[in-house]
Every structure is written in C-alpha cells, then in structure tokens.
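Topology and contacts: notes
Residue strings, one per chain:
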Amino acid sequence: MRLRPPLNRLFPLLLCGLLAGLVVAVAVLPANLAFGLVVRSAAGQYADLPEVLRTPATAQRSYLYARDGRTLITTFYDVNRTDVGIEEIAPVMREAIVAAEDTRFYRHNGVDLLGLARAAVANVVGGEVRQGASTLTMQYVRNVLKSDPTLTQEEREQATAETVGRKLQEIRYAVALEKQLGKDEILNRYLNIAYFGAGAYGITAASERYFDKAPAQLTLGEAALLAGLVQSPEAYSPIGGDLDAAVARRSYVLDAMVGTGVIGQQQAGQARTEPVELKPTEQPNGCVAVPSAHDDWGFFCDYLRRWWLEQPAFGSTVEEREQALRRGGYTVVTSLDPVAQASAVRNVADVYGYDNPHALPLAAVEPGTGRVRAMAVNRHYSLADNPADQVNHPNTVNQLVAGGGAIDGYQAGSTFKLFTMLAALEAGLPLDTGFDAPSRLSTRYPDDGPDNCAGTWCPANANPERMDGYRTMWDGFGRSVNTYFVWLSERVGPAKVVELAQRLGISFRADADAAFADGDAANWGAFTLGVAATTPLELANAYATVAAEGVYCVPLPVESVTAPDGTAVPVQPSCRRVLDADVARAATDAARCPVGQQSTFGRCDGGTATGVARIMDGRPIAGKTGSSEENATETFVAFTPQLAIASIAANPDDPTDSVGGPVQSQVIAAVAQIMADTLKGQPVRQFTPPSAALAFGADGPSGPPSDPPVDRRAGQPENRQPFGGGWRSGMAGTTG
C-alpha cells in the first residue's frame, strides 16, 4: 500500500507545483512579456506596503558610553544587531552575499523568474524541496516581517507562515520595494537584518561576534565565511556548530564569486587555503555584563536604567521604555566621567577592600546640571554567589549608592546641619547669630530614653572642650557643635528644616522617617543631627544645590541620547531655583570652616576636616563631616563650584556594626583626593561671597538684627515625595 506524503512535504510540493505551472504557462511567451505578466499579477504599490517595510523598525541594540563618547560601558539588547550604512560594509562582503544568495540580484526586479523555474522543476521532479527561489529582496521582506517589533509573536508567525498566499504576498511586496528603492539600499537593509548564527543579527553583530572587527575590515575569506552562514546559520556556525561545514560552505561562496566575475580563481584559491582565525566575542548585555575589569560601572549602569524607565520620552509605560532600551538602537552618552570614576574606585578601595563587610558608597555630582560624574562602592556589581554568611559582599546588584529597592540609605550625621543653617538664613538670621552652647542642652521635645533630662530630649556635644561656648554659624558649623544647631533648629522650627531638606532632594524611604516627616516634623528636633537616612547621591546633590547658589537640578545620568536615525532625544537638565542665591552663598561661606579654609569675613575658627585644604592645594572648597550615634556611620561631603562628592561609610547589612570613628579621616582623605584628581587641570573657580547683611545682620558684626526675620525662601520643590529610611530615628544623637 502506498502511503500519502506527510503534510510537511505535501505543502512545499503544492507550492512548487503552483510556481512551476505559472512559469510553464508563460514559457511560450517572450521572456520580457512573461515576466511582466507575472510581476503585474503579483505586484502591489509601495504606498500599500506595511509601514515596517517602508520604514524598517527592526530591533537593534542600544549602546551606553562614558562621558568621553568612546569608552563603552555596556549594551542592551533582545536582538544583537546594529545598523550600518552600506559604505561601512566591505565591498567583498556585499559581493559575497550576492554570490551566495542571489547571483541575479542586480538583473531582476525583485522576483527571479529563471530562478523560480529552476527551483520549481527541480523540487517537483526530485520529490522534495531541494532548491530555493527567494531573491535577496524576498528574503529581506520575510526577515522584516518575522522580526517586526510592533507585532506580537503570533502575528509574526502568521506573517511568515508557509502558505501559498504568504509566498505570493512576499513576491508582491518584493516587487513593490524594487520599484521604489535602489539595489544598494535593498542590499544594505538585507545585510543589516540577516541572521548569521550565534545570536548575531546583521553584518555588524556578525563581524564583531566572529572576528571582533567592524564590517568594513572584513577580508575576502572572512566575508565568504559569513555569507555562507545565512543559508543555515546554526548548522554552519563555526562557534558551537560545525567548523568543517562552515569551511566547505566558504569554498562554495568563493566559487560562486568566481562565477559572478567579482574575483578570479587565484584570489579564490588563496582565500580557500586561509585558516579560519576566529576571535569570538560576546557583546555585553545589560548592567551585569559590564567588562569584568570595570564591574564598578554596574552601579552607575543600574542607576541609568532606573532613570530610563521613568522617562516618558522612551514610552508611555515601563514596559515600552524597557523595550525601547533593549530594541530601540539608541546611542547613550552617559554623564560618567572616566577620570572621576577611576579615582573614586581607587580611593574607595584604599579605605575598604571588596571583602570587607563595611562599605563606602560614593557619588559625585556636577552643580548646576545634576549630572552624575561618578558612582563607586567597594562591591562587585555581580549576580555571583556570596559566601553563605554574607549578603551584599563581595557581590551585589543592590543599589548601594543611589538607594532604592532593599536599600533605604544610611544616617549621614552632622552633614544635615547644613539644612538647619539654610532654614535659619532663610528666616533672616545672619551667619553671626550667636549662642552660648552648653555641653548638654535641654529641649522641649519629649523623650523617654535612658539619657533624657526630666522627660525631655537633651543632646550633648561630642567634644565639650572644642565645642562648648559662644558660637556662631561659622564656628558652630566648623566645629560641628550639636547643642548650637539643636538650639538653632528650635528657633526656626524643625518642620522648616525638614521641608528645606526635602526641597534639596532629601527623601525618606523608610516608614519611620516618612512618619516623622509627614506627621510630626514639628517635633523632629533630632533631624538636624542627621538621624534620617539618605544616600551618597542625594547628599551630594543637596550640597551641589548650594554650590550652584540655590539652583536644584534633578540628578541626571546622561549627556545625550541619539535615536538610530541620528535624531537627538531631548534629555536636558531639569533645574529650578529653590534657594535665594545669597542664602546659598552664606551657607557656603560657613561651610569653608570645616575643611580648613577661611570664610570671606575671616570668621572660621576650627574645623573637623582641616586636612582637606592641604590636599586641594589652595583650590576653594567647602564641606562637612558627619558621625552618627556610636560612630555607626562616618560621612564626608565636599563641594566646589564645579563638583560635589559625598561618601558614607556603613555596613549595609547590619546597622549595629559600627564602622568606628577612626575611619572618618580616611573617608575625608578619599573624598578630597577624588576631588583633586577630577579637577586637575580645570580652571580654579572662586565662591561668590555673601552679602554683609546676611553675614552680620542689619546692625553689622556681633549685633542682633533690628528688623524681624525675613523669609528668604526662593520657592517650593515640585512633587515632593517623602520616602525615607533611617536606622535610628527619633532623638538619637550624633558626634559631629
């Protein structure tokens, strides 16, 4: 009994029979007339083509570069491909693909009747499909439809289904394309979308994947090998496939090139004897795929990706934005400064090694733009396993520098005194506002802790010998006098201090901090001592706002974003004035005191980081140290008119594990050295002095202001969203 042929063989036979019948029916006619009849019966108009064929929307990988535009950080892709112009493809590659796939490419109008006839007769006579008849143009149509990112997977499968109707549609589309586009344009599009195996789509990805070079640099032998892969990419692939089959296929392509006349027998012979010298490379994909020698870039990459997913310019939903990053073919020049980053990584590692449970996350921000210049921490950005008893070291993908997810932040201690000083200056209190600061100050805030004073909170100075006595904002800030700033906070109201910190970008991620900020800010007296958590990025950007004389900029991780068609996507800094310029200048003047420099009016007297002035070698700088209760964390933030840097030593996994006071000097030195390295060779910019009125009040030095306090607030922040996370909130104290 004769069995019926299986369906998977029956359809190709029917299709080939149909095509053979079509060819035989017109075989007795003159060739041009026959071709015209077939084409007219199948062809449509270019305007009727799907948009994806007229304006290709094929998926491409996106590139992330450092600020210099040359240093590749990583790429993002679902499909590994990048378009190039035909002039960027070696001529031998163009010739090889034509010889391998469509020798009559430059002589037909999208459909090769002779090829159809040969394939139809051979396939029918042979009992199975053994020859193809698709031109490069028809292959291009099929590749575009099956990779159209605007279609669902089901729709893509339907668009490329093995049916007679689909084949005729493919012919119609191919002829319509040939009416509108030149041969080189079609060839260019084909080479940019064809699959070459090993995950490489398009000639750029293939050249890089197999030979680690650009397509313009391909040799004859390399081009012939790549052209030979297209027919059966995985079977012929020399990477994980069959190298002998790839070499045999290369010989076939070389012979075909001799047949088309683009090379001679001698050239083909030389190329045929060349050994296949593969240099397999993997394109990095995502933040965990940054170069192993620079896995510190991963934390910045992670921050950029989070930023990208929030930007409406890349889609109306998070899913659309993710797809745009992975399939959109963008070129992103980030704000990451290689010089600043290298110095940051080196100096952070000098304080703590990668296996140390203590971490030193650090961020650098440019005042006036918000551009993030460096993000470093002594951790590998990696999904690799850690030892059983270790959570975030040496490997982690948690955002230790910018916060988010499982990371609420870290207490930054007395660096928060800046916000109290700014609130006081806004309220009209001058820098020389004096108070005889005691060793311990009894306040109005209820407290039932072990060190309360008759039921109220009474913070103490960490070093009475250096801190007690008559203080102004200058030396109170320079010496980090707790009781002075708690008194100052009481005078202006803690709620104003909290609001001002929010205005400069401090957010509250943990429930305890958010509860104080939203519901009990008026009684949050300890806020001035830095009991709420923050991150190095938030803190650096807050101080950068002061450095920019009161202009707050949303942190920005990019310099430019370019779409694959070369158009620029608007990604300008988002800045607004949140402080009166003179208020910011006055706070800067006092912030010269902690770092060993002198204020405009010569009122600095003592500081907690005086060695910074020596490291900066005379360049104007300001800053503040911060120690949380029992030295659980140690913080230093510094700024110039060009850069602000903040770093917080902490144990991200265990807030009870104090880093200890001795590390503060190392943190200070690290931040100062990074600042010096980054600004080396750049112009020295001076801080603008504050007005005498804001320094001394209406009555001059040492005189109390004769007028009521003046509200100097310059504006309210937009869309303040308190979200916080401190290890210890409420009435805890700090050491300076």
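Higher on the page you've got the structure.
Here's a quick rundown of the structure.

Here's the deal with the environment of Met616
Along the polypeptide, Met616 turns up in helix H26 (residues 611-616). Each C-alpha atom of the pair Met616 and Met675 lies 7.9 Å from the other, and the pair is 59 residues apart in sequence. Sequence-distant contacts of Met616, defined by excluding residues within four places in its chain, comprise Ile621, Ala672, Met675 and Ala676.

Observations concerning the nonpolar core
Among the nonpolar cores identified, the biggest contains 114 residues, and Trp308, Phe419, Met421 and Phe527 are the most heavily contacted of them. Apart from residues no more than four positions distant in its own chain, Phe527 is found in contact with Phe416, Phe419, Val497, Val498, Ala501, Phe508 and Ala532. Val52, Leu177, Tyr190 and Ala246 belong to the second-largest nonpolar core, a separate cluster that totals 62 residues.

So, the environment of Ala344
Here Ala344 is to be found in helix H17 (residues 338-351). For Ala344, a relative accessible area of 0% gives the class buried. Separated by 301 residues in the primary sequence, Ala344 and Ile645 place their C-alpha atoms 9.8 Å from one another. In this view, Ala344 contacts Leu362, Ala374, Ala376 and Ile674; residues no more than four positions away in its chain are not counted.

Topic: the packing of helix H10 (residues 202-211) against helix H11 (residues 220-229)
For any two helices packed against each other, the geometry is given by the interaxial angle and the distance between the axes. The geometry of H10 relative to H11 is characterised by a closest axis approach of 11 Å and an angle of 115 degrees between their N-to-C directions. Crossing geometry of H10 relative to H11 is assigned as right-handed. When H10 is examined against H11, the residues Ile203, Ala206, Ser207, Tyr210 and Phe211 are found in contact with a partner set consisting of Glu222, Leu225, Leu226 and Leu229. Its residues assigned to classes, the contact of H10 with H11 shows 7 nonpolar, 1 polar and 1 charged.

Observations concerning the pattern of salt bridges
Under the counting rule described, the total for this entry stands at 25 salt bridges. For the salt bridge of Arg306 with Asp302, the shortest nitrogen-to-oxygen distance reads 2.8 Å. Here Arg306 pairs with Asp302, and both are found in helix H15 (residues 297-308), just 4 residues apart, close to one helical turn. For Arg306, a relative accessible area of 29% puts it in the partly exposed group. Glu366 is paired through a salt bridge with Arg373; the nearest N and O atoms lie 3.1 Å apart. With respect to burial, Glu366 and Arg373 carry one shared label: buried. Taken together, the salt bridges that share partners define one network made up of Arg67, Asp337, Glu366, Arg371, Arg373 and Glu559.

Thresholds, definitions, all that
Residues numbered from 1 in each chain as written. Predicted model: local features only at pLDDT ≥ 70, side-chain atom pairs only at ≥ 80, totals over all residues. Heavy atoms only, no water. Helix = DSSP H or I, 4+ residues; strand = E, 2+ residues; numbered from the N terminus. Contact = heavy atoms within 4.5 Å. Core = buried A, V, L, I, M, F, W, Y, C linked by side-chain atoms within 4.5 Å. Buried < 20%, exposed > 50% of the residue type's maximum accessible area, 1.4 Å probe, protein only. Axes fitted to C-alpha atoms, helices over the stretch in contact; angles between N-to-C directions. Left-handed = near helix turned anticlockwise from the far one by under 90°. Nonpolar A, V, L, I, M, F, W, Y, C, P; charged D, E, K, R; others polar. Salt bridge = Lys/Arg side-chain N within 4 Å of Asp/Glu carboxyl O.

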